[in-house]
Amino acid sequence: MAVKITNDCIACGACEAECPNKAIKEGPTSYEVDPERCTECVGSHRAQQCIEICPVSAVVLEEASREPREALLERWRKLHPGEEPKNS
Ligand code: SF4
């Protein structure tokens, strides 16, 4: 998982509502991304919804932590049994 919520997070909660995998939860100080659930939106959308919606650009994609698309798609399939991916 390459998506990270930085210290710029103002804890508005906009990203939590947009995540198709319920991967974002409120943590002790700001919102956090669950690496077991984030697929970088592969399987659901063409772009990372949390990055697009964040009003203060506090969600970033760390290129060095990118996972292969197939691994992300496999995670999506486990999270959405019986469904077909929308962007593959
Ligand atoms: Fe959720 Fe997509 Fe953001 Fe990952 S990139 S936390 S799946 S909205």
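Just so you know, these numbers come straight off a predicted model, no measurement behind them. (Residues numbered from 1 in each chain as written. Predicted model: local features only at pLDDT ≥ 70, side-chain atom pairs only at ≥ 80, totals over all residues. Heavy atoms only, no water.)

Of the residues in the protein, 98% have a pLDDT of 70 or more, and the chain-wide mean is 95. Taken element by element, the predicted model of the protein shows its lowest mean pLDDT in strand β3 (residues 31-33) (95) and its highest in helix α2 (residues 49-53) (98). (pLDDT = per-residue confidence, 0-100. Helix = DSSP H or I, 4+ residues; strand = E, 2+ residues; numbered from the N terminus.)

For the rest of this paragraph, the subject is the environment of Asn-21. Structurally, Asn-21 can be placed in the loop between α1 (14-18) and β2 (24-26). Separated by 24 residues in sequence, Asn-21 and His-45 place their C-alpha atoms 11 Å apart. When sequence neighbours within four positions are dropped, the list of residues in contact with Asn-21 reads Arg-37, Cys-38, Thr-39, Ser-44, Trp-76, Leu-79 and His-80. Among the polar contacts listed, one links the side chain of Asn-21 to the side chain of Thr-39, at a separation of 3.0 Å. (Contact = heavy atoms within 4.5 Å. Polar contact = N/O pair within 3.5 Å; in protein donor to acceptor, adjacent residues only side chain to side chain.)

Below, the discussion takes up the site of the ligand. Around the ligand sit Val-3, Cys-19, Pro-20, Asn-21, Ile-24, Val-33, Cys-38, Thr-39, Glu-40, Cys-41, Gln-48 and Cys-50, and those are all the residues in its vicinity. Residues of the shell around the ligand, tallied by class, amount to 8 nonpolar, 3 polar and 1 charged. (Near = heavy atom within 4 Å. Nonpolar A, V, L, I, M, F, W, Y, C, P; charged D, E, K, R; others polar.)

Taken as a whole, helix α3 (residues 69-79) has its buried residues at Leu-72, Leu-73, Arg-75 and Trp-76. Relative to the axis of α3, the buried residues are bounded by an arc of 160° and lie together on one face. Summarising the geometry of α3, the exposed residues directed more than 90 degrees from the buried face are Glu-70 and Lys-78. (Buried < 20%, exposed > 50% of the residue type's maximum accessible area, 1.4 Å probe, protein only. Arc of directions from axis to C-beta.)

Counted according to the given criterion, the structure contains 3 salt bridges. Measuring nitrogen to oxygen at the nearest pair gives 2.8 Å for the salt bridge that ties Glu-40 to Arg-66. On the criterion of sequence distance, the pair formed by Glu-40 in the loop between β3 and α2 and Arg-66 in the loop between β4 (59-61) and α3 is long-range, its members being 26 residues apart. As a salt-bridge pair, Glu-67 and Arg-75 come within 2.8 Å of each other at their nearest N and O atoms. (Salt bridge = Lys/Arg side-chain N within 4 Å of Asp/Glu carboxyl O.)

Here we take up the side chain of Ser-44. Counting through the fold element by element, Ser-44 comes out in the loop between β3 and α2. Looking at Ser-44, the relative accessible area reads 13%, which means it is buried.

With that settled, the discussion passes to the nonpolar core. Formed by 14 residues in total, the largest nonpolar core has its most connected members in Ile-5 and Ile-24. Of all the elements in the fold, those that place two or more residues in this core are β1 (3-5) and β3. (Core = buried A, V, L, I, M, F, W, Y, C linked by side-chain atoms within 4.5 Å.)

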